[in-house]
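Observations on the three-dimensional arrangement
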Amino acid sequence: MRKLLVAAFAASLSLAAAFGGALAQEAGKVGVVVKIGGIPWFNAMEAGIKEKGAALGIDAFMIGPTSADPALQVRAIEDLIAQGVKVIGVVPNDAKVLEPVLTKAKENGIIVITHESPGQKGADWNFELASANGFGEAHAELLAKKMGGKGKYAVFVGSLTVPLHNAWADAAIDYLKEKYPEMEVVGERYGVAEDADKSRSTALDLISANPDLKGFLAFGSQGPIGAGRAVEERRKVGEIFVLGPFSPGQGQKLIKSDAISGGFMWNPKQAGEVFVTLADKLMKGEKIKAGDEIEGLGKINPTGNDIIVDQLVTINKDTVDELAAMGL
């Protein structure tokens, strides 16, 4: 199965390489490699990339690997380097694994922009639409309110190597330890939240092993979906609370049934637009500095090569329909 997935992904890379080749040589080409293709979060990001690219007259496209495998991201970036693109954007699965290939891209004169990877080595710029502490603590406080400030909870992340997911988890766990000492995390954290099926099966196992489990804090868009399905399956709605970021269109039914209790997100379509906006500025040789007003980010105050703003969007019963209608 793994060989088939890799073969299919290789074919998709070949198609991406062929698409718009002549135009790209003239205008500059922007390729964005995300964690995994075919899920709502990155479908929305792709829409943002394409729409902003069309608006700015830039050939901008997204590559979504067939699984959340860092090796597939490395392969995709190598392919983009070979194509001679002007800008590579990445939402890393493993920041460390990508360092050598991102450095190679820069050595080849390619601009590198990352997202969800603060302090990424090998990147010219990294941008975030939510600060790590703000995002983690907002979810932690909401979980504490749902659980009444006490009880056991489990933490999911996209994988144990996704820097930002783990930074959110660190912030949330530290916040709960300090503010709600009667809340207890089960284990450390589980790297399953980029796969709804793995999130579901892990949640089912944790519910079986911990009859007094009261909550899931799931960072990664598929984590709340899988955990919510497990809670429904075990008929624990109202007893176990699931919090985390997810695509509203995918989780609409689950939040209305209370299988998911809520969460926060930023707009992935907006993130896609920001990739292209930054790429356009950098390809034109513009400098990015404190005080600049950048569409999609507002006024920025970079720290090192990180541009971090807080633009949290609340997901609950009152907002989910409107967010889903936006294609999120």
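A few points on the structure. Everything numeric in this text was worked out from a predicted model, so none of it was measured.

**A word on helix 9 (residues 223–233)**
Of all 11 residues in helix 9, 8 are buried; the element is thus mostly enclosed. Among the residues making up helix 9, those that are buried are Gly 223, Pro 224, Ile 225, Gly 226, Ala 227, Gly 228, Ala 230 and Val 231. Packed against the buried residues of helix 9 are strand 6 (151–157), helix 8 (196–209), strand 9 (213–218), strand 10 (241–243) and helix 10 (248–256).

**Here's the deal with the sheet that holds strand 1 (residues 29–33)**
The strand order across the open sheet built from 6 strands is 2-1-3-4-5-14, with neighbouring strands paired in parallel fashion. The sheet terminates laterally at strand 2 (59–63) and strand 14 (306–308), the two strands that pair on one side only. Mean inter-strand twist for the sheet, computed between neighbouring axes without regard to direction, equals 20°. Sheet strands touched by helix 11 (residues 268–283): strand 1, strand 2, strand 3 (87–90), strand 4 (111–115) and strand 5 (125–128). Its angle to strand 4, the strand with the most contacts, is close to 155°.

**Quick word on the packing of aromatic side chains**
Counted according to the given criterion, the structure contains 9 aromatic pairs. Ring centres 5.4 Å apart and planes at 90° place the aromatic pair Trp 41 and Trp 266 in the edge-to-face group. Taken as a pair, Trp 41 in helix 3 (residues 40–56) and Trp 266 in the loop between strand 11 (263–265) and helix 11 lie far apart in primary sequence, 225 residues in all. With respect to burial, Trp 41 and Trp 266 carry one shared label: buried. On the numbers, 5.4 Å between centres and 50° between planes, the contact of Phe 156 with Phe 216 is tilted. In this pair, Phe 156 sits in strand 6 while Phe 216 sits in strand 9, placing the two residues 60 residues apart along the sequence. For Phe 156, a relative accessible area of 0% translates into the label buried. With relative accessibility at 0%, the residue Phe 216 sits in the buried group. Ring-pair connections join several aromatic residues into one group, and the members of that group are Trp 41, Phe 135, Trp 168, Phe 219 and Trp 266.

**Thoughts on the side chain of Asn 305**
Its place among the elements puts Asn 305 in the loop between strand 13 (298–299) and strand 14. Judged by relative accessible area, which is 19%, Asn 305 ranks as buried. Here Asn 305 is in contact with Gly 119, Gln 120, Ala 123, Asp 124, Trp 125 and Asn 126, once residues within four sequence places are set aside.

**Some words on the nonpolar core**
If you look at the biggest cluster of nonpolar residues, it comprises 88 residues, and the most contacted ones within it are Phe 216 and Leu 297. Setting aside residues no more than four positions away along its own chain, Phe 216 makes contact with Leu 143, Ala 154, Phe 156, Ala 203, Leu 206, Ile 207, Ala 227, Val 231, Ile 240, Phe 241, Val 242 and Leu 243. Membership of the second largest hydrophobic core comes to 17 residues, among which are Ile 63, Leu 80, Val 85 and Ala 105.

**Let's talk about the environment of Leu 164**
Here Leu 164 is to be found in helix 7 (residues 163–179). When its relative accessible area of 1% is taken as the criterion, Leu 164 is described as buried. The spatial distance from the C-alpha of Leu 164 to the C-alpha of Ser 117 is 5.6 Å, given a sequence separation of 47 residues. Setting aside anything within four residues of it in sequence, one finds Leu 164 in contact with Glu 116, Pro 118, Glu 128 and Ala 132.

**Points about the environment of Gln 270**
Turning to its location among the elements, Gln 270 is positioned in helix 11. With relative accessibility at 18%, the residue Gln 270 sits in the buried group. Residues Gln 270 and Leu 129 lie 141 residues apart in sequence; the distance between their C-alpha atoms is 8.9 Å. A distance of 2.7 Å separates a polar atom in the side chain of Gln 270 from a polar atom in the side chain of Gln 311.

Conventions adopted
- Residues numbered from 1 in each chain as written.
- Predicted model: local features only at pLDDT ≥ 70, side-chain atom pairs only at ≥ 80, totals over all residues.
- Heavy atoms only, no water.
- Buried < 20%, exposed > 50% of the residue type's maximum accessible area, 1.4 Å probe, protein only.
- Helix = DSSP H or I, 4+ residues; strand = E, 2+ residues; numbered from the N terminus.
- Contact = heavy atoms within 4.5 Å.
- Pairing = 2+ DSSP bridges.
- Axes fitted to C-alpha atoms, helices over the stretch in contact; angles between N-to-C directions.
- Phe/Tyr/Trp six-rings, centres within 6.5 Å; stacked < 30°, edge-to-face > 60°.
- Core = buried A, V, L, I, M, F, W, Y, C linked by side-chain atoms within 4.5 Å.
- Polar contact = N/O pair within 3.5 Å; in protein donor to acceptor, adjacent residues only side chain to side chain.

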